[in-house]
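So the chains spell out like this:
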Amino acid sequence: KTHPLVSGLPPSSFRSSSQLSVSHAPGFAKLNRREGAGGWSPLTSDRYQWLEVDLGERTKITAVATQGRYGSSDWLSSYLLMFSDTGHNWKQYRQEDSIGSFPGNSNADSVVQYKLRQPAVARFLRLIPLDWNPNGRIGLRLETYGCPYSEYVMSLDGSSAGLVYRGSPESRQTSTEVISVEFKTQRNSGMLLHAEGQEGHGLSLELDRGKLLLLFTQGTEILEESWSIFGHIYLQNCRLASLGSLLDDQHWHHVKMERRGFHLNLTVDKHTERVQIPAEFSQWDGNVTFSCAESVSVAVTFPGPRSFLQLPVVTASSPGGVSVGFQFRTWNKAGLLFTFDLPQQGGVVWLYLSDARLRLQIHKPICIFLSGSGLNDGQWHSVELTSRRGHLTVTVDKEEGGTATANPTFPVAIDSQIFFGGKWLIGCPSEDDTKECRNPFNIFQGCMSHLTLNNLDVDLIRVQRKQLGNYSNVQIDMCGIIDRCSPSRCEHGGRCSQSWTVFHCNCSGSGYTGATCHSSVYEQSCEAYKHNGNTSGHFYVDVDGSGPIKPQLVYCNMTEDNTWMVIQHNNTETTRIRASPGVNQYSVHFHYPTEEEQLSAIISQSEHCQQELSYHCKKSRLLNTPEGSPFSWWFGGPGSGHPQTYWGGAQPGSQQCSCGLHGDCVDPQHYCNCDADRSQWTEDSGLLTHKASLPVRSLVLGDVHRPGSEAAYRVGPLSCRGDKNFWNAAFFDKETSYLHFPTFHGELSADISFMFKTTSSSGVFLENLGIKDFIRIELSSSTQVLFSFDVGNGPLEVHVNSSVPLNDNRWHRVRAERNVKEASLRLDHFPAATQEAPADGHFHLQLNSQLFIGGTASRQKGFRGCIRSLQLNGVTLDLEERAQITPGVRPGCPGHCSSYGSLCQNQGRCVERDNGFQCHCGPSAYTGVFCTTEVSASFKAGTSVSYTFKEPYELMRNNSALPSSIYSDMTLKGENVSLSFRTFQSPALLLYVSSYYREYLALLVRYKLDSSGDAEVLKSRVRGVANGQLHSVSIRRTAHAVSVQVPRTNTTHLTNYDCVYLSRLASLGFTGCLSVVHFNSISPLKAALLHPDTSPVVISGPLVQSNCGSSASTNGKSFCLRFVVTLQKGLYKNKKSKLNIGLNVLFQVNLSASAERKVHFSSFLKMKKYDLRIIEW
């Protein structure tokens, strides 16, 4: 139970920087007391004042309360709290690891109490005023609350044997074991704790460069289990975890190890990491707490650009010499460490950091570059500069041997004073910011300690009391360095780096982006890639967005009907097995390149998944009967899978095959074809579609040992289609309607993404409130989206303006992110807007109300329209499920073609679907998911394709005359013909159309026709088209005009077509490539290639589908080419040999207008010093 700690203390327990008078002494600074002047007030009111309380012993402090000086206008409005065990080496207490200041009072009488989020354990407390009543002075009365803190302590000097604890045999049987340790030290390395286990295995906690490492050790066999603290044990180590930083700061740090089975939770101060320990180490015992002996070390912190320390220099014992020594630690790569004048030479000495290396510069210039590097690692580094008898030496980290020397021609000595840190040069007033007074180097931000001048220690406490030297904007008797990368705020493996004030995340190679590598750069499904306009190919997919699951490479097969995500495994081919003597069962395991959590997430979010499972058999039974024991089975589902006794095409648990389900097995008495046990080859195959049983993990085939038994199996890749998250939508038809969900928890990082479409000009998409904090995203106008939130620093807004209206009833995408560094907002493809977070502000987002979607708690400014694919920190909210039970909200949202219809190209028609859309390519000469794949074919000599229309005699059956209506319907007033071709043949016929009335239209290449007859001949001005290049032709004829590309002439209309001929007119043929052949609404080449059995086409000769009509084959795109190369390589003794190799190599081919072929190639040949020459194409 906590109680007041200050009220009962004697006046001797209070100290202060100064006091206004005896009646304003620090001993009167007790809460609600009126003795003396009613509280403490210093002599001057500035930020260098402090009040200190000695609690007498280490105490757990849980709260602090302040009050102004009684009956006055003197009070504090904000302050800092410092704690110490010795009265030196103070440590600042920070809220949320960032906020350093505490709110104070607004008058002299009221009490403001602040409860510490994490209790502090210390003996001494120091309060430093930051702001006070501008119409008064600093005035303070205070109280602290807490409880006694008991501990057992011991001191270790690093050379002792340590403390050994052996547990009893009974204590080793528990499944949960705990070790807790508290330590403090100034050394940055050393063995903290070692736990020995069986056969010499053990766990160690070691301090390495101020970080605590958990190591698994493998050593010689040790007969007894024991604990060794700071023991001298040298074993082979394997790092399991690394936690904490700057642990050599001579402050107490709490360490706790808690083992549960083979998992261990390691906690350092407030941060915990869960690790798995090797199975070799199974037990430990003991619970030890200890501390180290106290030592006094006074440091000084240079926090900002106006920080400097000016010290007088006592004349050295030997004239013309100088000696300066100190230690420093910093995160910055650059900064001025110290400077002093050389008045006799009219020069200046500068010692500074540049690119994390130490540099000494003497003006008039002598530059010395030291070997030290990486000095911005946050560790203490020692520096010593000495000048004696014309010999100048600068040493960095003496024990590591970083020394540089020079021999200047003049003595280097300090005349009177030296400046450490600082922005201004010597002799300039602190407010002078002119170019002449400005520091030409970067500002040093960091800590210094152990300062010596001419081998005399500098008493920084006297400096603090204004008894020695001068200073400005420094913090004496503390090192205020903070490691902003421990724990790292960079997510998903982003690499953290830092300066004194900020940290940065390097996200390269992680697959994530943003200030903290929070948001994925990849889409979450193949469905999302398709709706970005992508076609089939390999893509990285991040199934949970910003969640913990890593991106994975999959193949997206985007067909006209569905989009499939295909995941291969190590054996998708048909594999044959034969009987082996002594082998009763044959088992095989399948390994997938994706991790377990990735597979589970893909299957879960997909609408449908399937995997082919087939068994080819010859006298090899499969499942037996449903009543008997199966001969074979397979394992499927999460982990290693669960046994399954049904086959592809059947239902789970049925112990049947597909033929048993449909009743068409070769033997009606069995439910699988293979169970008939015939001597002829047969098979059982089908698709597994029960998602809970996918993917297939392994197969066990039992009837393969009998003589004459033969079998083969195939397990296809896992294929999944549909993304339930991508199309999950809700329609809000009233401004007062909304959906509510549990509170959104995004304390340190939050990302929100969704799509919307609306006809309204404003409305709130999302809102979640706290006591003071909130987060909200809204459509603030028809062209602006606004993201606003408050984490305790006041409201912050980020907005993106659109150049097009957002209430156009088309889908628009919004992505908002907020982390400890910045907030960002993205809208569609517009540039992201960002807003930096305050450098020293609150960063925990604390919400407690329900999350409102499509509205607010006040039911005002609601959103009317559709919201879909709403995700918060990678988790999709099921809008449809909640909308089914919420009035004013409907699940789903139709009308996708208005947004995605433009993806359908080449006359493809957008067709609405419940979840998405489909490009119908029927009327188009193209195919593919967006009707962009050209349908091309290679024609050989004698190849032709004819497409036959309905002939007139079919209409004339049982009719004596042809009705005029039918006649008119069969008469075309115009034609629209287009195609592309590539050929070296001339003359050649590309297209021939004839009518029932012997009228025709023919398209030829460089063919001379006699135009004196009835034929109308139209010649193109384009010459040399038989050059193997791709050419496109478009013919448009109306009732009175016909055009071929640009030229126009008059012609007549044709009537009653009977067929279309490709590449044949009498004996004239065509050899080459034809593609995208289109005649009015008919695509005859597409019908012949893709639907030859259901289309009225006749194919003569070899017709081969290819990509020869693609412009990519000549416009610098990639294709595969088989060729023969000669490799000439120098061998031993300068002998040469030639090697002819046939390879499939990826080429880039550029064909210029002059047909000059430039070949750029790359292959996987890894041979040195070879000459490559193409000798055969």
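About the cut-offs
Residues numbered from 1 in each chain as written. Predicted model: local features only at pLDDT ≥ 70, side-chain atom pairs only at ≥ 80, totals over all residues. Heavy atoms only, no water. UniProt positions renumbered as here; feature names shortened; annotations may be inferred. Phe/Tyr/Trp six-rings, centres within 6.5 Å; stacked < 30°, edge-to-face > 60°. Helix = DSSP H or I, 4+ residues; strand = E, 2+ residues; numbered from the N terminus. Buried < 20%, exposed > 50% of the residue type's maximum accessible area, 1.4 Å probe, protein only. Polar contact = N/O pair within 3.5 Å; in protein donor to acceptor, adjacent residues only side chain to side chain. Disulfide = S-S within 2.5 Å. Pairing = 2+ DSSP bridges. Contact = heavy atoms within 4.5 Å. Core = buried A, V, L, I, M, F, W, Y, C linked by side-chain atoms within 4.5 Å. Domains from an automatic or database assignment. Lys, Arg positive; Asp, Glu negative; His and termini not counted. Salt bridge = Lys/Arg side-chain N within 4 Å of Asp/Glu carboxyl O.

The protein is annotated in an unreviewed UniProt entry as Contactin associated protein like 3 of Sphaeramia orbicularis. Under the UniProt heading Sequence similarities (unreviewed entry), the entry covering the protein gives this text: "Belongs to the neurexin family." UniProt, in its Subcellular location (unreviewed entry) section for the protein, records the words "Membrane".

**A word on the packing of aromatic side chains**
Aromatic rings in a pair are described by how distant their centres are and how their planes are angled relative to each other. Scanning all chains against the criterion turns up 32 aromatic pairs. With 6.1 Å between their ring centres and 45° between their planes, Tyr 586 and Tyr 713 make a pair best called tilted. Of this pair, Tyr 586 sits in strand β42 (residues 586–589) while Tyr 713 sits in strand β48 (residues 710–715), placing them 127 residues apart in sequence. Taking relative accessible area as the criterion, Tyr 586 reaches 28% and is therefore assigned partly exposed. A relative accessible area of 2% means that Tyr 713 is categorised as buried. Ring centres of Trp 634 and Tyr 646 lie 5.4 Å apart, and the angle between their planes is 65°; this geometry places the pair in the edge-to-face category. Here the residue Trp 634 occupies a position in strand β44 (residues 633–636), and Tyr 646 occupies one in the loop between β45 (642–644) and α4 (658–662), the gap between them amounting to 12 residues. No difference in accessibility class separates Trp 634 from Tyr 646, as the two residues are buried.

**Quick word on the environment of Gln 310**
Considering the arrangement of structural elements, one finds Gln 310 in strand β20 (residues 308–312). Along the sequence, Gln 310 and Phe 419 sit 109 residues apart, while their C-alpha atoms lie 4.6 Å from each other. Polar side-chain contacts of Gln 310 include one of 2.3 Å to the side chain of Gln 417.

**So, the UniProt feature "domain: EGF-like" (unreviewed entry) in the protein**
Look at the UniProt record and you will see "domain: EGF-like" (unreviewed entry) annotated at residues 481–518 and 894–932. Counted over residues 481–518, helix gives 0% and strand 26%. Its end C-alpha atoms are 26 Å apart. Along residues 894–932, the helical share is 10% and the strand share 31%, with 25 Å between the first and last C-alpha atoms.

**Details of the state of the cysteines**
The tally for this structure, following the rule as stated, stands at 14 disulfides. Residue pairing for Cys 659: its cysteine sulfur links by disulfide to Cys 665, the two sulfurs lying 2.0 Å apart. When the S-S torsion is 90°, as for the bridge of Cys 659 with Cys 665, the disulfide is right-handed. Under the relative-accessibility criterion, Cys 659 is labelled buried at 6%. Look at Cys 665 and you get buried, because its relative accessible area is 12%. Here Cys 866 is linked by a disulfide to Cys 893, with a sulfur-sulfur distance of 1.7 Å.

**Describing the pairing of strand β18 (residues 271–276)**
Relative to β18, strand β17 (residues 263–268) is paired through 6 bridges, and the arrangement is antiparallel. Across the sheet, Val 268 pairs through a bridge with His 271, a residue of β18. Hairpin connection, β17 to β18: the antiparallel pair is bridged by 2 residues, and Asp 269 has positive phi, about 55°.

**Some points on helix α3 (residues 596–605)**
In an α-helix, one full turn covers 3.6 residues, which means residues spaced three or four apart are oriented alike. Every buried residue of α3 is accounted for by Gln 598, Leu 599, Ala 601, Ile 602, Ile 603 and Gln 605. Contacts made by the buried residues of α3 are with β39 (552–558), β40 (563–567), β43 (606–618), β47 (696–701) and β49 (718–723).

**Observations regarding the nonpolar core**
In this structure, Tyr 615, Trp 647 and Leu 699 are the most contacted members of the largest nonpolar core, which totals 66 residues. Each of domain 4 (563–721) and domain 5 (729–893) contributes no fewer than three residues to this core. Leu 337, Val 458, Tyr 471 and Ile 476 belong to the second largest nonpolar core, which has 46 residues in total.

**Here's the deal with the side chain of Asp 477**
Counting through the fold element by element, Asp 477 comes out in the loop between β33 (475–476) and β34 (495–498). Despite its burial, Asp 477 pairs with no opposite charge; the closest candidate is Arg 126, at 5.1 Å N-O. Aside from chain neighbours lying at most four places away, what touches Asp 477 is Gly 87, His 88, Asn 89, Trp 90, Ser 297, Val 298, Ala 299 and Ile 461.

**With respect to the side chain of Asn 673**
The residue Asn 673 is located in the loop between α4 and β46 (682–688) in this model. By relative accessible area, Asn 673 is classed as buried at 12%. At 3.0 Å, the side chain of Asn 673 and the backbone oxygen of Glu 683 are in polar contact. The contacts of Asn 673, once residues within four sequence positions are left out, are Cys 659, Asp 664, Cys 665, Val 666, Thr 682, Glu 683 and Asp 684.

**Looking at the pairing of strand β57 (residues 812–818)**
Counting buried positions over the 7 residues of β57 gives 5, a clear majority of the element. As paired elements, strand β52 (residues 750–757) and β57 share 7 bridges and run antiparallel to each other. Within β57, the position partnered with Met 755 by the bridge is Arg 813. With 5 bridges connecting them, β57 and strand β58 (residues 822–827) associate as antiparallel partners. If you follow Ala 816 over to β58, its bridge partner there is Leu 825. Between β57 and β58, which pair antiparallel one after the other, the connecting turn spans 3 residues.

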